Amino acid sequence: MRTFIIAAISADGFIARSSDELADWTSKEDKKLFVELTKRAGVMVMGNTTFKTIGRALPDRQTIVYSRQDLPYDDVEVTSEDPVDLVARLNKAGQAELAICGGSTIYSLFMQAGVVDELYLTVEPCLLGGGVPLFDAALDAKLKLLETRQLNENVLLLHYEVQK
Ligand SMILES: NC(=O)c1ccc[n+]([C@@H]2O[C@H](COP(=O)([O-])OP(=O)(O)OC[C@H]3O[C@@H](n4cnc5c(N)ncnc54)[C@H](OP(=O)(O)O)[C@@H]3O)[C@@H](O)[C@H]2O)c1
């Protein structure tokens with residue numbers, strides 16, 4: 001199974017101004033790419049803080065929410081399992097792809113667990129100067145650049161592979 005992180009970042013590497021902010025500050029091209037890649041994957045995983053900013057399961061995709069609480073959510077699976085176990089479980093069930101949809105805590109959790117194969121980072125043409133960083137924990141990962149794509153006049157997609 002192939003797993004990928006998908007994130008929109010400011011040019012200075014932040015994914016939000018604050019953890020309760022909905023990620024709706026990004027370009028329409030980024031939103032289109034997000035829908036395309038997450039629908040292709042079919043399964044999305046995200047942290048409860050990110051899920052709360054969206055407030056619902058997105059259509060045509062299975063949503064897995066990380067939380068340590070017993071949450072009364074409909075239409076989503078809530079888990080606190082080790083990412084290695086989650087990936088192994090989905091793989092065994094025949095799942096081909098998993099989209100890791102943030103936020104910072106969940107991106108870091110999956111990177112630190114060593115189960116991320118690729119990253120799609122959309123660099124939006126803005127500076128936030130602070131807020132929620134892409135990762136919030138120490139990492140030592142080397143990346144290979146697979147592709148760059150200009151999504152519009154000002155927005156760049158960086159597609160990386162994690163070197164294992
Ligand atoms: N720009 C983008 O592409 C993008 C993408 C996604 C998110 N975001 C932004 O990122 C921000 C949220 O990021 P965040 O880092 O604050 O939060 P987050 O990663 O979305 O969620 C953190 C929550 O996940 C749960 N969690 C974390 N580790 C866990 C573990 N090991 N086991 C079980 N549950 C675990 C906990 O939920 P409980 O407290 O319920 O236990 C924790 O409070 C929001 O502003 C969102 O809009 C931006």
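Model, not experiment: these values are computed from the prediction. (Residues numbered from 1 in each chain as written. Predicted model: local features only at pLDDT ≥ 70, side-chain atom pairs only at ≥ 80, totals over all residues.)

1. What about the nonpolar core?
Argument step 1. Membership of the largest hydrophobic core comes to 36 residues, with the highest contact counts inside it found for Ile-5, Ile-6, Val-45, Leu-98, Ala-99, Ile-100 and Tyr-107.
Argument step 2. The element contributing the most residues to this core is strand 1 (residues 2–10), with five residues.
Argument step 3. Contacts of Tyr-107, omitting those with residues within four sequence positions, involve Ile-5, Ala-7, Ile-100, Gly-102, Leu-134 and Phe-135. (Core = buried A, V, L, I, M, F, W, Y, C linked by C-beta atoms within 7 Å. Buried ≥ 20, exposed ≤ 12 C-beta atoms within 10 Å, placed from the backbone. Helix = DSSP H or I, 4+ residues; strand = E, 2+ residues; numbered from the N terminus. Contact = placed C-beta atoms within 7 Å.)

2. Quick look at the site of the ligand
Argument step 1. Looking at the ligand, there are 27 residues lining it, with Ala-16, Gly-47, Thr-50, Gly-102 and Gly-103 nearest.
Argument step 2. Listing elements by their share of the shell around the ligand, those giving two or more residues are strand 1, strand 2 (14–16), strand 3 (43–47), helix 2 (48–54) and helix 4 (104–113).
Argument step 3. Grouping the amino acids of the shell around the ligand by side-chain chemistry returns twelve nonpolar, 13 polar and two charged. (Near = placed C-beta within 6 Å. Nonpolar A, V, L, I, M, F, W, Y, C, P; charged D, E, K, R; others polar.)

3. A few points about unusual backbone geometry
Argument step 1. A cis amide bond links Gly-102 with the next residue in sequence, Gly-103, at an omega value of 0°.
Argument step 2. Mapped onto the elements, Gly-103 comes out in the loop between strand 6 (97–100) and helix 4.
Argument step 3. Despite not being glycine, Asp-60 shows a phi value in the positive range, around 65°.
Argument step 4. One non-glycine residue, Asp-75, lies in positive phi territory at about 70°.
Argument step 5. On the secondary structure map, Asp-75 appears in the loop between strand 4 (62–66) and strand 5 (76–79).

4. Let's talk about the sheet that holds strand 10 (residues 156–162)
Argument step 1. Spatially, the eight strands line up as an open sheet ordered 5-4-3-6-1-7-10-9, and their pairing is mixed. Every other strand in the sheet has two partners, leaving strand 5 and strand 9 (143–150) as the edge strands with one partner each. Averaged over all pairs of adjacent strands, the angle between their axes in this sheet comes to 25°, without regard to strand direction.
Argument step 2. Bridge analysis of strand 4 against strand 5 gives four bridges, and the strand direction is parallel. Along strand 5, the bridge assignment pairs Val-65 with Val-78.
Argument step 3. Docked against the sheet, helix 4 engages strand 1, strand 3, strand 4 and strand 6, running at close to 115° with respect to strand 3. (Pairing = 2+ DSSP bridges. Axes fitted to C-alpha atoms, helices over the stretch in contact; angles between N-to-C directions.)

5. Observations concerning the pairing of strand 1
Argument step 1. Burial analysis of strand 1 places seven of its nine residues in the buried class, which makes it a mostly covered element.
Argument step 2. In the sheet, strand 1 pairs with strand 6 via four bridges, with the strands oriented parallel. Looking at strand 6, one finds that Thr-3 is bridged to Leu-98.
Argument step 3. Bridge count for strand 1 against strand 7 (residues 118–124) is seven bridges, and the pairing is parallel. Of the residues in strand 7, the one forming a bridge with Ile-9 is Val-123.

6. So, helix 1 (residues 28–41)
Argument step 1. Taking 1.5 Å of rise per residue, 14 residues should cover 20 Å, and helix 1 covers 20 Å from first to last C-alpha, within 8% of that figure.
Argument step 2. Three or more residues of helix 1 are buried, namely Asp-30, Leu-33, Phe-34, Thr-38 and Ala-41. Looking straight down helix 1, one finds its buried side chains confined to an arc of 120°; they lie on one side. Exposed residues pointing more than 90 degrees away from the buried face of helix 1 are listed as Lys-28, Lys-32, Glu-36 and Arg-40.
Argument step 3. Those residues of helix 1 that are buried lie in contact with strand 1, strand 3, strand 6, strand 7 and strand 10.
Argument step 4. Of the residues one or two after helix 1, Gly-42 is the one with positive phi, at around 85°. (Expected span 1.5 Å × (residues − 1). Arc of directions from axis to C-beta.)

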